[in-house]
Amino acid sequence: MDVDRNGWASSRIEPLPVSSAYTLLAPDPSARVDIALWAHKARTFFGVALELLQPKAYPNGEAPAADAAVVLVQRKGRSAATRVLVVTVPVEQASEARVSAEAGAAAIGGAGMDVLVQRGKRVWQVSSEVAEGDDPDAPLALAAILASILLAPIVPPGGGTIFGVKGARERLGLA
């Protein structure tokens, strides 16, 4: 992935297909990646080490409208970090993501997730395909970490449901 001097993706960023990504709808409209916060939450609450492949900078508090990053996810018991792609775009640029999230919330009877979906201003997607490494659960672990930070529900690849951090932890066997 090509990046500019701030570490922001320099090519046009498109949302990932919902069939191949964990999709989160966050209420905060910013595309800022606060890797220090992400890494702290990951280590403290999930026992996971996170690192960005390419550091990002936000001069004058500015952030891109859309961005992408490769995140190195090192879970306990794994010999090496797994590379996972994360993409973020404004919700207006990801209609498929919103439709999938609304359908997921309807499938569980709302349960408050419908309200969270409606508040979503930014879509964050974690590719379910591992870019490099041997941890097939690294994308779900990263989605869980982001959900806890962004206060966003998770729609799994292919949709059909929606869940929060607790549901992700259960799927990871961490509950």
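Right above here is the structure, for reference.
If you're wondering where the values come from, they're calculated on a predicted model, not measured in any experiment.

Asks: How should unusual backbone geometry be read in this particular structure?
Replies: Most peptide bonds take the trans configuration, and most residues that are not glycine carry a negative phi. For Ala111, which is not glycine, the phi dihedral falls at a positive 50°. In this fold, Ala111 is placed in the loop between helix H2 (95-107) and helix H3 (113-119). Positive phi, normally seen in glycine, also occurs at Leu151, with a value near 55°. Tracing the sequence through the fold places Leu151 in the loop between helix H4 (138-150) and strand E6 (154-155).

Asks: Teacher, can you tell me more about the layout of surface pockets here?
Replies: When its volume is computed, the largest pocket comes out at roughly 190 Å³. Around the largest pocket sit Asp28, Ser30, Arg32, Asp34, Leu37, Trp38, Trp124, Ile149, Leu150 and Leu151, which together line it. Of all elements in the fold, only helix H1 (35-46) and H4 reach the threshold of two or more residues within the lining of the largest pocket. Looking at the lining of the largest pocket, its residues break down into six nonpolar, one polar and three charged.

Asks: It is not clear to me how the nonpolar core should be interpreted in this structure. Could you clarify?
Replies: Looking at soluble globular proteins, one finds that nonpolar side chains tend to be buried together. Among the nonpolar cores identified, the biggest contains 36 residues, and Leu24, Leu50, Val126 and Leu142 are the most heavily contacted of them. Elements represented by at least two residues in this core include exactly strand E1 (21-26), H1, strand E2 (48-52), strand E3 (67-75), strand E4 (82-90), strand E5 (122-127), H4 and helix H5 (165-172). Counting residues per element, this core draws most heavily on H4, at eleven residues. Excluding its chain neighbours within four sequence positions, the residues that come into contact with Leu142 are Leu50, Val71, Val73, Val84, Val86 and Val126. Core analysis: the second largest hydrophobic core is formed by 20 residues, Ala68, Ala94, Ala101 and Ile162 among them.

Rules and cut-offs
- Residues numbered from 1 in each chain as written.
- Predicted model: local features only at pLDDT ≥ 70, side-chain atom pairs only at ≥ 80, totals over all residues.
- Heavy atoms only, no water.
- Helix = DSSP H or I, 4+ residues; strand = E, 2+ residues; numbered from the N terminus.
- 1 Å grid on protein atoms, 1.4 Å probe; cavity = no way out; pocket = protein on both sides within 12 Å on 5 of 7 lines; lining within 4 Å.
- Points joined across faces, edges and corners; volume = space filled by probe spheres on them.
- Nonpolar A, V, L, I, M, F, W, Y, C, P; charged D, E, K, R; others polar.
- Core = buried A, V, L, I, M, F, W, Y, C linked by side-chain atoms within 4.5 Å.
- Buried < 20%, exposed > 50% of the residue type's maximum accessible area, 1.4 Å probe, protein only.
- Contact = heavy atoms within 4.5 Å.

Distances and angles like these do not, on their own, reveal function.
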